[in-house]
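Reading the structure
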Amino acid sequence: MSPPSPHHLHRSYSDVRAPLLRGHQKDDDPIANPPGETTSRQWRIMIDVGLLFGAIFMLLWPWALFVFISANDGIEMWNFLSNIDRQYPQRVAALVTLLGTGNQFLVTILLSQIILRLGEELVRLDRVTVFQQGKGLARSKRRLAVVLLFLGALGASSLIPSGTAALITPGAFNKAAELRGTEIDFTSDDPGCLEWLERHRLTNLCDWKEFGGTQYTTCLGENQMLDVLDSGRANVLDAIEVTNETSTFNQLGEDGGLRFRGSAKGILPIGPNGIRAVNTVQNSSNPFASEQIRERMVSYNYTLNQQGLTANINCSYDNTSPIRFRSVNDTNTTLIMSSFGICDSAAGMEEVLEGVINYVTLNANNTLTYWACKQPPQPGSQDPTYFVHLRGRGYYKSSIGNITCRISPMRAQDYLVDYLSGPGYFTASRSHDAQSAQKPTFYRYIEWGLVGFGNMIWEGQNWSSHLAAETVFSLAMKKLKIPSAMREQNPISLKMFEAMVQGMLEYGATYSRLVYTINKDIPTTCLRDVTGSVSYSVRGWHINPGDVLTQAGLLVPMTLINLASLVILIKCFVLGRFQYRERVFDMANNISLLTASVPDEDRVKWGDKVRYRIPGSNPVLPPTPNEKEVQHV
């Protein structure tokens, strides 16, 4: 036999198997990897168990997380994770990318190890060698299949990072919950409630009262002046279609005040951003009850169906006025005077300002005075008609003159109150369900507002002007460019006075509700249910209902590779029949071939034939005539 080339290792498959099959060997052909170097059976079983659990885990964990997130409508982050995501979004994105790439690496490594495991089982089969398999795969049809399979696996593997990132990338998503509470119902017809409301009726005497750690006045006056003017101003802006400004009410008991876009509408805001001293929204589904959940909120909006005040008001200039003036008794000055009104009983008018005899005011160049009357309910109506009279003196005589405002109806009304955490203000819109508004409203709730309005007109007078009148004139000149508003009457100024009166009355209704609410013995028959909902945004993991198919599609490539790994591994178990025969080397693993060891290395020189011991071969089968010498580099 001619010596082998020094650049190649020659081996004949017949020479490798034949001596072992015949029970003898040539002395000049040493055996590589003798039986003493065999991997233990227990270790191989542990490896197979690890591959099995790895394949199952990699196949199931994406879908388990997908189902868990969908079933729970999202998973919220812990507070410290949410803060990290909010403060370091780029670092979080880099970590997600790293995890996606790591998942791709694990899937690829697992598949390659299982394919090598399959090679071990194939080379154990009689008359099957890795070289024979390679020769078969070299055929044209099989080669195309192999190429397509390789390209498919490569494409699926490249999509694993994107599918993983889409599943584990955190972000903000919305959640919703119901809100429920209670508030005073001024439309209750229960005798016990009406008796309680009458017993706690508001008077025109001011005092301070502590409630919920905050001091409140028991009348609409004195420190409420700025809030009342702001409510009237907000309603004027709304009437002239200026909707980008808000009003702030600082006297309702909250630090920093309550901001409204528009007037208060007679609403006493409750809920997490309402007046805390009177907040009754405490149901178990309220997410604001948990400080941890509230800290995790990125933003939130909530809506409550609350009771407020509606006042259908129409004003007009009048030639006459029921307001009269007279000097103040026991004074020797003309700088002050007394204003009062006479409600014409012949015209069916009645007095409405309980406890008010007159208003002592300044006799200045710009003086505004007030009075109010009411007309009992007419046939077919359950609400009285109220008349508000304004009369200007001095320079106000030409610009204001006599204004009569007819208000019908003025009663309780349901509103949808929205709080928007982004801009941080309340808005109110009339509720579609107006059933409660059709019931009669406790009359003192309405009429005390008229008394409080008179207090505001009286206290708003100073030596140079009146605060309410100047608010209307300044808005007319700045917003509508009407410089003549301070010199003469005009229909636009009249509409603005109309909105000013309405806004001031609505704030009076809000404060009246507050004064009633701070009493501790409110009977349940005087309470109405307040319902609503909150929508809040938190950080975490969420799958939008419209993106379920897209997200599931991104997981398909990863699933196919992991499923292929599991199927191949099961095929290995079927071929090997769990026998775990002795393994000296793996012919499908080039590392095993390159690192093979031969005892007594001094006997082996480059170019010598070395036979590899194949355990588990059938000792009685002769070599086949088709076995040929194979040369490999």
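Residues numbered from 1 in each chain as written. Predicted model: local features only at pLDDT ≥ 70, side-chain atom pairs only at ≥ 80, totals over all residues. Heavy atoms only, no water.

**Quick look at the environment of isoleucine 518**
Where we set the bar: Secondary structure elements are taken from DSSP: a helix is a run of H or I of four residues or more, a strand is a run of E of two residues or more, and numbering for both begins at the N terminus. Per-residue accessibility, obtained with a 1.4 Å probe over protein chains only, is compared with the maximum for each type, and a residue is labelled buried under 20%, exposed over 50%, and partly exposed between these values. Only heavy atoms matter for contacts: two residues are in contact if any of them lie within 4.5 Å across the pair.
With respect to the helices, strands and loops of the structure, isoleucine 518 is situated in the loop between helix H14 (491–517) and strand E18 (527–541). Residue classification places isoleucine 518 among the buried positions, given a relative accessible area of 2%. Between the C-alpha atoms of isoleucine 518 and lysine 209, which are 309 residues apart in sequence, the distance is 8.8 Å. Sequence-distant contacts of isoleucine 518, defined by excluding residues within four places in its chain, comprise Lys209, Phe211 and Tyr216.

**Side note on the nonpolar core**
We count it as follows: Joining through side-chain atoms within 4.5 Å is the link that ties buried Ala, Val, Leu, Ile, Met, Phe, Trp, Tyr and Cys residues into a set, and such a set is a nonpolar core.
If you look at the biggest cluster of nonpolar residues, it comprises 104 residues, and the most contacted ones within it are Leu353, Tyr370, Trp371, Met410 and Leu450. The element best represented in this core is H14, accounting for 14 residues. In this structure, methionine 410 is in contact with Leu309, Thr310, Ala311, Tyr386, Ile446, Leu450 and Leu505, ignoring residues within four places of it in sequence. Ranked by size, the runner-up nonpolar core spans 25 residues in total, among them Phe66, Leu110, Ala552 and Leu566.

**A short note on H14**
Defined as follows: Working rule for helices: expected span equals 1.5 Å times residues minus one. Polar contact is defined as a pair of N or O atoms within 3.5 Å, subject to the rule that within protein one atom must be able to donate a hydrogen and the other to accept it, and that residues adjacent in sequence are counted only when both atoms are side-chain atoms.
End to end, H14 covers 39 Å across 27 residues, agreeing with the expected 39 Å (1.5 Å per residue, within 8%). Here H14 lies mainly inside the structure; 24 of its 27 residues are buried. Where H14 begins, one side-chain oxygen reaches toward the backbone nitrogen of isoleucine 492, 3.1 Å away; that side chain belongs to asparagine 490.

**Concerning the pairing of strand E14 (residues 366–375)**
To be explicit about the condition: Paired strands are those between which DSSP finds at least two bridges.
For E14, the buried fraction is high: 10 of the 10 residues fall into the buried class. Here E14 shows a buried face lined by Asn366, Leu368, Tyr370, Ala372 and Lys374 and a second buried face lined by Thr367, Thr369, Trp371, Cys373 and Gln375. Examined bridge by bridge, strand E12 (residues 350–351) and E14 share two bridges and lie antiparallel to one another. Looking at the pairing, glutamate 351 lines up with cysteine 373 of E14. In this structure, E14 lies alongside strand E15 (residues 385–394), joined through 10 bridges in antiparallel fashion. Note on E15: the bridge partner recorded for alanine 372 is valine 388.

**Examining the packing of aromatic side chains**
Test applied: Aromatic pairing here means that ring centres of Phe, Tyr or Trp (its six-membered ring) are within 6.5 Å. Orientation follows from the plane angle: under 30 degrees is stacked, over 60 is edge-to-face, and everything else is tilted. Criterion for a charge above a ring: Lys NZ or Arg CZ within 6 Å of the ring centre, and within 35 degrees of the ring normal.
Enumeration according to the criterion identifies 20 aromatic pairs in this entry. Note on phenylalanine 249 and phenylalanine 260: the rings are 5.6 Å apart at their centroids and 40 degrees apart in plane angle, and the pair reads as tilted. Highlighted residues: phenylalanine 249 in strand E7 (residues 247–249) and phenylalanine 260 in strand E8 (residues 258–260), separated in sequence by 11 residues. Ring geometry for tyrosine 419 versus phenylalanine 426: centroids 4.9 Å apart, planes at 55 degrees, classification tilted. Given the relative accessible area of 9%, tyrosine 419 is considered buried. A connected cluster of aromatic rings, assembled from ring pairs, spans Phe249, Phe260, Phe288, Tyr300, Tyr302, Tyr419, Phe426, Tyr507 and Tyr511. Arginine 326 extends its terminal NZ or CZ atom over the ring of phenylalanine 340, reaching a point 4.1 Å from the ring centre. Residue placement shows arginine 393 over the ring face of phenylalanine 325; its charged tip is 4.5 Å from the ring centre.

**Let's talk about the environment of isoleucine 336**
Position of isoleucine 336 among the secondary structure elements: in strand E11 (residues 336–341). For isoleucine 336, a relative accessible area of 26% gives the class partly exposed. Sequence separation between isoleucine 336 and asparagine 363 is 27 residues, and the spatial gap between their C-alpha atoms is 4.9 Å. What isoleucine 336 contacts, discounting residues up to four positions off in sequence, is Val328, Thr331, Val360, Thr361, Leu362 and Asn363.

**So, the state of the cysteines**
Operational definition: Two cysteine sulfur atoms make up a disulfide if the distance between them is within 2.5 Å.
For the coordinates displayed, the defined rule picks out three disulfides. Across the disulfide from cysteine 193 sits cysteine 526; the S-S distance is 1.9 Å. Negative torsions about the S-S bond denote left-handed disulfides, and the value of about 115 degrees found for cysteine 193 with cysteine 526 makes this one right-handed. With cysteine 193 in helix H8 (residues 191–199) and cysteine 526 in the loop between H14 and E18, this residue pair connects regions lying 333 residues apart in the sequence. The class for cysteine 526 is buried, based on a relative accessible area of 0%. The side chain of cysteine 343 participates in a disulfide bridge whose partner is cysteine 373; the two sulfur atoms lie 1.9 Å from each other.

**Quick notes on the side chain of glutamine 306**
The residue glutamine 306 is located in strand E9 (residues 297–318) in this model. A distance of 3.1 Å separates polar atoms of two side chains, one belonging to glutamine 306 and the other to glutamate 183. Excluding anything up to four places from it in sequence, glutamine 306 contacts Glu183, Ile267, Leu268, Pro269, Ile270, Gln413, Asp414, Tyr415, Val417, Arg528 and Val530.

**Comments concerning the confidence of the model for the chain**
Defined as follows: pLDDT: the predictor's confidence for each residue, scored from 0 to 100.
Taken as a whole, the chain shows an average pLDDT of 81; of its residues, 80% reach a score of 70 or greater. The low-confidence segment residues 1–27, where pLDDT is below 50, has 55 contacts with residues more than four positions distant or belonging to other chains. Considering only residues more than four positions removed or in separate chains, one finds that residues 616–633, a stretch of pLDDT under 50, has 29 contacts.

**With respect to helix H2 (residues 41–71)**
Inclusion rule: The angle separating two fitted axes, one through the seven residues that finish at a residue and one through the seven that start at it, defines the bend at that residue.
A rise of 1.5 Å per residue sets the reference length of H2, with its 31 residues, at 45 Å; its end C-alpha atoms lie 44 Å apart and thus fit the reference within 8%. The principal kink in H2, of about 35 degrees, is found at leucine 60, preceding the proline proline 62 by one to four residues. Taken as a whole, H2 has its buried residues at Arg44, Asp48, Leu51, Ala55, Met58, Leu59, Pro62, Phe66 and Ile69. Phi for aspartate 73, located one or two positions after H2, is positive at around 55 degrees.

**Describing unusual backbone geometry**
Note the cis peptide between serine 408 and proline 409, where omega equals -5 degrees. Position of proline 409 among the secondary structure elements: in strand E16 (residues 402–420). Of note, aspartate 73 is a non-glycine position whose phi angle comes to about 55 degrees, a positive value. Take aspartate 73: it is sitting in the loop between H2 and strand E3 (75–76). Unusually for a residue other than glycine, lysine 265 sits at a positive phi of about 60 degrees. Along the chain, lysine 265 turns up in the loop between E8 and helix H10 (291–296).

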